[in-house]
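For reference, the chains in residue letters:
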Amino acid sequence: MKIKKEVRAGGKLYVAGEYSILTPGQTAIIQFIPIYMQAEIQPASTYRIQSDMFPFAVDLTPNTDYALIQETVHLMNAYLQSQGVAISPFDLRIGGKFEREGKKFGIGSSGSVVLLTLKAMAALYDFPLPADLLFRLACLVLIQRGDNGSMGDLACIAYEGLVSYRSFDRRALAEQLQDQDLDQVLALDWGYEIELLSPQLSYTFLVGWTQEPAISRDLINRVRSAIGPVFLKGTEQAVQDLLVAFQEADRDLAWSSIGRASDLLLSLNEVIYTKKLAQLKRAEEGLKVIAKSSGAGGGDCGIALAFEEAAAQEIVRRWREAGIDLLYSERMGEYDDQPKG
Ligand code: PMV
Ligand code: MG
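Let me begin by describing the structure that accompanies this report.

What counts and what doesn't
- Every chain is numbered on its own, with residues counted from 1 as its sequence reads.
- As a convention, the first chain written is A and the first ligand written is 1, with the rest following in written order.
- Local features in this predicted model are restricted to residues of pLDDT 70 or higher, and side-chain atom pairs are both shown and tallied only at a pLDDT of 80 or more, whereas totals for entire chains, interfaces and linings draw on every residue.
- Excluded from the side-chain calculations are hydrogens and water; all other atoms, namely the structure's heavy atoms, are used.
- Helix and strand labels come from DSSP, where a helix needs a run of H or I of at least four residues and a strand needs a run of E of at least two; each type is numbered from the N terminus.
- Between the two quantities, the radius of gyration covers C-alpha atoms and the globule rule is 2.2 Å times the number of residues to the power 0.38.
- Under the scheme applied here, a residue whose accessible area is under 20% of the maximum for its type counts as buried, over 50% as exposed, and between as partly exposed, the area being computed with a 1.4 Å probe on protein chains only.
- Throughout, a residue-residue contact means that at least one pair of heavy atoms, one from each residue, lies within 4.5 Å.
- Note on areas: Shrake-Rupley with a 1.4 Å probe; residue coverage comes only from the protein chains shown.
- Neither His nor the chain termini are counted; the positive set is Lys and Arg, and the negative set is Asp and Glu.
- Positions of charges follow a simple convention, taking NZ of Lys, CZ of Arg, CG of Asp or CD of Glu.
- A fitted line through C-alpha atoms serves as each axis, taken over the contacting stretch for helices, and the angle formed by two N-to-C directions is quoted from 0 to 180°.
- An angle below 35 degrees is treated as roughly parallel, one above 145 as roughly antiparallel, one from 65 to 115 as roughly perpendicular, and anything else as oblique.
- Left-handed describes a crossing whose near helix is turned anticlockwise from the far helix through less than a right angle; right-handed describes the clockwise counterpart.
- For this classification, Asp, Glu, Lys and Arg are treated as charged, while Ala, Val, Leu, Ile, Met, Phe, Trp, Tyr, Cys and Pro are nonpolar and the rest, including Gly, are polar.
- Given a helix with a known number of residues, its expected span is that number minus one, times 1.5 Å.
- Whether two strands pair comes down to DSSP finding at least two bridges between them.

**Some details on the overall build of the protein**
Argument step 1. Looking only at helices and strands, the protein has 11 helices and 13 strands in total.
Argument step 2. In terms of C-alpha radius of gyration, the protein reaches 20 Å, essentially the compact-globule figure of 20 Å for 341 residues.
Argument step 3. With respect to the principal axes defined by its C-alpha atoms, the protein has extents near 60 × 40 × 40 Å.
Argument step 4. When burial is assessed residue by residue, the protein has 55% of its 341 residues classed as buried.
Argument step 5. When contacts within the protein are restricted to residue pairs at least 6 apart in sequence, long-range pairs at least 24 apart make up 75% of them.
Argument step 6. Total accessible area on the protein stands at roughly 14900 Å², and carbon and sulfur atoms take up 48% of it.
Argument step 7. Positive and negative side-chain charges of the protein, numbering 34 and 44 respectively, have mean locations separated by a distance of 4 Å.

Right, here's the structure in full:
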């Protein structure tokens, strides 16, 4: 383990199932966003961690700014030791903030930085870390910190693809962590399900960035009490329908299911659809496009599925007029209105 290793971790955005996924057993569909953070790691005589988020480096002396990374290092060190790896200090440099001009994109930077740190340490020791183990270790870091999220971001970014994710009971797991060691907890059946999807449906996936930063943790705390059986049942049905639509290339079903998921978010709490996110959604009018808020809402990003090239261009133009930037786009399959072959 003499040489420098480089790893990267991407971002994510919810297609459907946000908020509902906070309830164990519910399902969400989450898209991987290939905008990356990078890490460089190499052996050193003492620990040195430097992220471009902060103008200073730290060792393992607790530091509020670096707490997330430091706690990840401690957990991974404990895990590696349990696997018989002789751990030693390293120099870790993290770069590639998910932001522009100091404004974050909201594509999952905190989850991504945990996964990035785990991957870097695994690379340092040439320790194989399959996606599922990566996901579990990252969940343990966040659960130990008292994170109130569903871990859907971790599922998507660990598996690096469009996924369907069924959530597990994080509170029950936190309790298991109290009286069982790491290996025992990792060996349990947590009850989640992660499946990589490859839709048969043709569309362009578009991401519109409102340039208004939102904090998921705070939004969850404000919205949570409104989540009830009607919202959960309706959202789960919309998500299951969207899965069928992807598989059977059913454009109308994709359209209606995303529309229903969006309406349910709209009625859940008014903080979700900000003025800009409402504009992002309204820009679909008259086009073969379905748009919605993504994730916690309150700012950050919205998404759209466009079923024609011209429609994709038009909604992007409307977004630009409303001060919404196209952050990312990806073509999935062929268009009906494109010549084939
Ligand atoms: O805004 P985001 O991308 O962090 O998504 C939050 C999604 C929620 O369901 C509201 C919370 C969660 O952790 O699942
Ligand atoms: Mg967000």
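**Examining the packing of helix 8 (residues 229-248) against helix 9 (residues 251-268)**
Argument step 1. Where helix 8 meets helix 9, the axes come as close as 8 Å, and the angle between the chain directions of the two elements is 160°. As judged from the angle between their axes, helix 8 and helix 9 are roughly antiparallel. Classified by chirality, the crossing of helix 9 by helix 8 is left-handed. Each of Val230, Phe231, Gly234, Thr235, Gln237, Ala238, Asp241, Leu242, Val244 and Ala245 in helix 8 lies in contact with helix 9, whose residues at this interface are Leu253, Ala254, Ser257, Ile258, Arg260, Ala261, Leu264, Leu265 and Leu268.
Argument step 2. Taken together, the residues of the contact of helix 8 with helix 9 break down into 13 nonpolar, four polar and two charged.

**So, unusual backbone geometry**
Excluding glycine, most residues fall at negative phi; most peptide bonds, likewise, are trans.
Argument step 1. Unusually for a residue other than glycine, Glu160 sits at a positive phi of about 50°.
Argument step 2. Under the relative-accessibility criterion, Glu160 is labelled partly exposed at 39%.
Argument step 3. Positive phi is not limited to glycine here, since Gln211 has a value of about 65°.
Argument step 4. With respect to the helices and strands, Gln211 occurs in the loop between strand 10 (203-209) and helix 7 (216-223).

**Description of helix 1 (residues 67-82)**
Because each turn of an α-helix spans 3.6 residues, side chains separated by three or four positions in sequence point in the same direction.
Argument step 1. With 16 residues, helix 1 ought to run about 22 Å at 1.5 Å a step, and its terminal C-alpha atoms sit 22 Å apart, in line with that.
Argument step 2. Buried residues of helix 1: Ala67, Leu68, Ile69, Gln70, Thr72, Val73, Leu75, Met76, Asn77, Tyr79 and Leu80, and no others.

**Observations regarding the sheet that holds strand 10**
Argument step 1. Reading across the sheet, the four strands line up as 11-12-10-13 and stay open at both edges, with antiparallel pairing between neighbours. Edge positions in the sheet fall to strand 11 (289-293) and strand 13 (325-332), since each of these pairs with one other strand and no more. Neighbour-to-neighbour, the strand axes of this sheet turn through a mean angle of 15°, independent of strand direction.
Argument step 2. In this structure, strand 10 lies alongside strand 13, joined through seven bridges in antiparallel fashion. Residue pairing across strands places Val207 opposite Tyr328, the latter belonging to strand 13.
Argument step 3. Across the sheet, helix 9 is in contact with strand 11 and strand 12 (301-306); its angle to strand 11 comes to roughly 25°.
Argument step 4. With respect to the sheet, helix 11 (residues 309-321) is in contact with strand 10, strand 11, strand 12 and strand 13, its orientation differing from that of strand 10 by roughly 5°.

Honestly, it's all geometry; don't read function into it.
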